[in-house]
Amino acid sequence: MKILWAITGAGHFLAESLSILENLALDDNIVTITTSKAADEVIQLYGFNEKIENIVSLNYENKHIKDEDQEFSYPLSGKLTHQKYDVIIIAPLTANSTAKIVHGIADTLITNIAAQSGKGQIPLIVLPVDQTPGLITTTIPPYIRKDRCVVHENCIPMRLCPNDAINPPYIDKSKCVSCHICKDICINDALVVDEKIELYIRKIDAQNTQKLSTIENIKTVYQPDKIVEYIKKIEKE
Ligand SMILES: Cc1cc2nc3c(=O)[nH]c(=O)nc-3n(C[C@H](O)[C@H](O)[C@H](O)COP(=O)(O)O)c2cc1C
């Protein structure tokens, strides 16, 4: 299948989404990855740049297209009206892009893709992050606690990082590949990896998510593994 996978700037469900995307690419599907400007930053913060590069390198027809490289009229999404793809997935989908999509705004690459998928009648599966009002637990990017970091030459995380990404008291996010080798090895407990925090989902964001289901052509899924289920359904049709 030819799959267009769009990523917006959400940390929530990012690792799970990339893992599903990687499996689809390993399964001989041809994938075009598109990223919003915020997604490029968030992907770097979580150390997933290399993962995206690896997915793209699996097939010479795979591509990564960034919002920042597009023209204002988004020529890529215009091509969607010519049925170039079998299915489009937006995962994860931020509260910001959800709000734009449900109000018919199409001023970024990803929200434009959502609008054009409807015009081209290509099935669109979305995985919104803000689902029900209330608290959710999410993982934040790795960081170094400056109040605990004692910069010294024998810093174990610095010596063991295979990508030279640890430069106490900072992590060079352009080099970090999220391998987590540095987890739990700092003697001062200054390096924080996989920290979970609680966030409050606002009613307005959850209401916008509900409105996604009222738009023709969009299938909303609430768990990452449901994406594969719906792709298989589309494949059989
Ligand atoms: C580390 C990090 C994680 C973020 N995670 C989320 C998230 O889980 N959900 C969300 O709606 N926004 C999240 N954001 C904020 C979005 O990136 C921001 O609202 C951005 O404007 C979204 O733009 P986009 O919808 O065009 O991608 C995060 C920002 C950062 C820096």
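Please refer to the structure placed before this passage.
The shown structure was predicted, so the numbers you read here are calculated from the model rather than taken from an experiment.

Conventions we followed
- Residues numbered from 1 in each chain as written.
- Predicted model: local features only at pLDDT ≥ 70, side-chain atom pairs only at ≥ 80, totals over all residues.
- Heavy atoms only, no water.
- Helix = DSSP H or I, 4+ residues; strand = E, 2+ residues; numbered from the N terminus.
- Rg over C-alpha atoms; globule rule 2.2 N^0.38 Å.
- Buried < 20%, exposed > 50% of the residue type's maximum accessible area, 1.4 Å probe, protein only.
- Contact = heavy atoms within 4.5 Å.
- Areas by Shrake-Rupley, 256 points an atom, 1.4 Å probe, with all protein chains shown as cover.
- Lys, Arg positive; Asp, Glu negative; His and termini not counted.
- Charge placed at Lys NZ, Arg CZ, Asp CG, Glu CD.
- Patch = residues over 30% accessible without salt bridge, like charges linked within 9 Å, V, L, I, M, F, W, Y side chains within 5 Å.
- Salt bridge = Lys/Arg side-chain N within 4 Å of Asp/Glu carboxyl O.
- Near = heavy atom within 4 Å.
- Polar contact = N/O pair within 3.5 Å; in protein donor to acceptor, adjacent residues only side chain to side chain.
- Nonpolar A, V, L, I, M, F, W, Y, C, P; charged D, E, K, R; others polar.

Asks: How should I be thinking about the overall build of the protein in this particular structure?
Replies: Scanning the protein from N- to C-terminus turns up nine helices and 12 strands. Relative to the 2.2 N^0.38 estimate, which gives 18 Å for 237 residues, the radius of gyration of the protein is 19 Å and therefore close to what a compact globule would have. Considered along the principal axes of its C-alpha atoms, the protein spans approximately 60 × 45 × 35 Å. The buried share of the protein, reckoned over its 237 residues, is 47%. In the protein, once contacts between residues fewer than 6 apart in sequence are set aside, the share between residues at least 24 apart is 80%. Put simply, the protein shows about 12,400 Å² of open surface, and 49% of that area lies on carbon and sulfur atoms. Across the protein, the centroid of the 25 positively charged side chains sits 4 Å from that of the 31 negatively charged ones.

Asks: Honestly, a negative patch on the surface in this entry has me stumped. Any pointers?
Replies: On the surface, Asp27, Asp28, Asp86 and Glu235 cluster together into a patch of negative charge. By the element assignment, Asp27 lies in the loop between helix H1 (14-26) and strand E2 (30-35). A relative accessible area of 58% places Asp27 in the exposed class.

Asks: Hey, could you run me through the site of the ligand in this one?
Replies: Surrounding the ligand, one finds 16 residues, the nearest of these being Gly9, Gly11, Ser36, Thr94 and Ser97. One of the side-chain nitrogen or oxygen atoms of Ser97 is found 2.6 Å away from an oxygen atom of the ligand. Burial of the ligand by the protein amounts to 66% of the accessible area it has alone, namely 640 Å². Of all the secondary-structure elements, those providing two or more residues to the shell around the ligand are helix H2 (37-45) and helix H5 (95-102). Its residues assigned to classes, the shell around the ligand shows eight nonpolar, eight polar and no charged.

Asks: When you look at a nonpolar patch on the surface in this model, what are you seeing that I'm missing?
Replies: On the surface, Ile156, Leu160, Ile181 and Ile187 cluster together into a nonpolar patch covering about 380 Å² of accessible area. Within the fold, Ile187 resides in the loop between strand E9 (170-171) and strand E10 (191-192).

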